[in-house]
Amino acid sequence: MSHPVKIKNALISVYYKDNLEPLIRQLHEQGVVFYSTGGTEKFIRELGIDVIAVEDLTGYPSILGGRVKTLHPKVFGGILNRRGLNEDQAQISQYEIPEIDLVIVDLYPFEETVSSGASEADIIEKIDIGGISLIRAAAKNYNDVVIIASKDDYKTLGDILTENNGYTMLSHRKAFARQAFNISSHYDTAIFNYFNQEDPLTVFKYSEQKASTLRYGENPHQKGVFYGKLDAMFDKLNGKELSYNNLVDVDAAVALIDEFDEPTFAILKHTNACGVASGNSMLEVWKAALACDPVSAFGGVLICNREIDEETAAEINKLFFEVLIAPSFSESAKQILCGKKNRILLKRNDVALPSKQFKTLLNGIIEQDKDQLMETAEQMTPVTDRKPSAQEIKDLVFANKIVKHTKSNTIVLARDNKLIASGVGQTSRVDALQQAIVKANAFNFEIAGSVMASDAFFPFPDCVEIAADAGVVMILQPGGSIKDQESIDMANAKGVGMVTTGVRHFKH
């Protein structure tokens, strides 16, 4: 059923007046009567168009510093009355309430005010009361009323009115109502989350308005959408649109690189690092990171924490990769790296990242604090006869950063601020260690003299024995097993050192 409705009376009260003028003029040409308040009323008058002040309709001025302007039966009765119900029509006639067919209203900028660091008093004043009530009322009565709750919809309404000689159809009004409830629910979620910071209620509320439809999800038969302001975090300098899998890898890459202050390059594949190196220059650390596993690096995601210069770009350009992320690129580096149209180059911007993580699980959602702990040398407690040297401590810190961001069960072998090899995502820690040893040997890395880090404790001394026999000289593990002493005894028997941190870094 189309149920056409012609707009006769419009209530307009907006905070943002961008692009409002063309719609006002169009409605005026179609004979619409305007009701308005405050700055919007002044705006319409300055266009040379007659407007009735809401105060004249209600018989009450704006009071309480503007907190109460439109909250009145003559306003809400005009919006909520059901045109097809005789009782409603009799009442609005009795009380001389005009039917309002169009409501254009937006909301005070609550989120923007919070983000600006404003005082709590200023933030509270940006909790809209009249606006949110008008939006809900008009959206509820979409059978007869048009609600425009965003300046982004001005043109859409204008086009509809042009195409339909000033009428809207039921499908139009219902679509606008859906958008209005989207806006109002997002607004209320933002307000709740502001109030829920101290001694929070254990409830889950999250709302994100910005969405990007992806080519597909994890696989081509799955749909995928990214919700968030990706363009705030990255400037895309080149390449195709990021895929679902690209985004998952980029997220893992960003989390890993943020552990390092010194110049560092990391190469990731399926969220796991297959090459990481720290050093003095980008060229040096790129070559060292690539040497870790040049086979897995093919088609990977690359990330660094310094500008990419021309010399480094020329070396990177020899490899096929999906994504390269850096804080900046020299002009000559951009020219080299943008030579292939599908290669994605991202310049990372300084954007605060969430401190919580959540995902759907079973028939609900699971949430946790992000793992933001990273142990320093001071938190590494020697538990064996052999104590770590200063360089071994540095290597243990380096290896532990990689362990934290690698799928469990995992073992990382490192030396001189370079990843030698890792075993990732294995069902036993022994399997992870043996995988790391096989990979190190495959790429001709000398394990002798290296350090080893584990994401969790050793329930048995077998990993210690295997690592020592392979040439590992220092081991880091959280500790906490009831059989810790067996692993310590094995380390002492093999002449290798061990430190414990007391912090486990599982990653699933």
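These remarks concern the structure in this document. (Residues numbered from 1 in each chain as written. Predicted model: local features only at pLDDT ≥ 70, side-chain atom pairs only at ≥ 80, totals over all residues. Heavy atoms only, no water.)

Things to note about a negative patch on the surface
Note the following rule: A patch is a set of surface residues, each over 30% in relative accessible area and not in a salt bridge, joined within 9 Å for like charges and within 5 Å for the nonpolar side chains Val, Leu, Ile, Met, Phe, Trp and Tyr. For the accessible areas, the method is Shrake-Rupley and the probe is 1.4 Å, while residue cover comes only from the protein chains on display. Here a salt bridge means any side-chain nitrogen of Lys or Arg lying within 4 Å of a carboxyl oxygen belonging to Asp or Glu. Charge counting treats Lys and Arg as positive and Asp and Glu as negative, with His and both chain ends excluded. By convention, charge coordinates are those of NZ in Lys, CZ in Arg, CG in Asp, or CD in Glu. For every residue, the accessible area (1.4 Å probe, protein chains only) is compared with the maximum for its type, and the residue is labelled buried under 20%, exposed over 50%, or partly exposed between those bounds.
Taken together, the side chains of Glu 307, Asp 309, Glu 310 and Glu 311 make up a negatively charged region of the molecular surface. A residue is classified by how much of its surface remains accessible, and Glu 307, at 42% relative accessible area, is partly exposed.

Here we look at the nonpolar core
To keep things clear, this is the line we draw: Among buried residues, those of type Ala, Val, Leu, Ile, Met, Phe, Trp, Tyr and Cys that are joined through side-chain atoms within 4.5 Å constitute a nonpolar core. Strands are runs of DSSP state E lasting at least 2 residues, helices are runs of H or I lasting at least 4, and numbering of each runs from the N terminus. Between two residues, a contact is recorded if the distance between any of their heavy atoms is within 4.5 Å.
Phe 34, Ile 79, Leu 102, Val 103, Ile 104 and Ile 147 are the most contacted members of the largest nonpolar core, which has 53 residues in total. For this core, the element with the highest residue contribution is helix 10 (residues 170–195), accounting for eight residues. Setting aside residues up to four positions removed in sequence, Ile 79 forms contacts with Leu 11, Ile 100, Val 103, Leu 134, Ala 137, Ala 138, Asn 141 and Val 145. Membership of the second largest hydrophobic core comes to 40 residues, among which are Leu 268, Ala 273, Val 323 and Phe 398.

Some words on the side chain of Asn 246
Put simply, the rule reads: Definition of a polar contact: a pair of N or O atoms within 3.5 Å, with one able to donate and the other able to accept a hydrogen when the atoms are protein atoms, and with sequence-neighbouring residues admitted only if both atoms are side-chain atoms.
Tracing the sequence through the fold places Asn 246 in helix 12 (residues 244–257). A distance of 3.4 Å separates polar atoms of two side chains, one belonging to Asn 246 and the other to Glu 322. Here Asn 246 is in contact with Glu 241, Glu 322, Val 323 and Ile 344, once residues within four sequence places are set aside.

Considering the pairing of strand 23 (residues 497–500)
Keep this limit in mind: For two strands to be treated as a pair, DSSP must find at least two bridges joining them. If you view a crossover with the strands going away from you and the path from the first strand over the helix to the second runs clockwise, you call it right-handed.
Burial along strand 23 is two-sided: the residues Gly 497 and Val 499 and Met 498 and Thr 500 are all buried. The pairing of strand 22 (residues 474–477) with strand 23 spans four bridges and is classified as parallel. Residue pairing for strand 23: Ile 475 is matched across the bridge by Met 498. Crossover connection from strand 22 via helix 20 (residues 484–494) to parallel strand 23: handedness right-handed.

With respect to the environment of Asp 258
Summarising the element assignment, Asp 258 is placed in the loop between helix 12 and strand 11 (264–269). Taking the C-alpha atoms as reference points, Asp 258 and Asn 305, 47 residues apart in sequence, are found 8.0 Å from one another. A distance of 2.8 Å separates a polar atom in the side chain of Asp 258 from a polar atom in the side chain of Arg 348.

With respect to the sheet that holds strand 3 (residues 33–36)
The parallel open sheet is built from five strands, whose spatial order is 4-3-2-5-6. The open sheet has two edge strands with one neighbour each: strand 4 (52–53) and strand 6 (146–148). In the sheet, strand 2 (residues 9–13) pairs with strand 5 (residues 102–105) via four bridges, with the strands oriented parallel. Paired with Ile 12 across the strands is Ile 104, a residue of strand 5.

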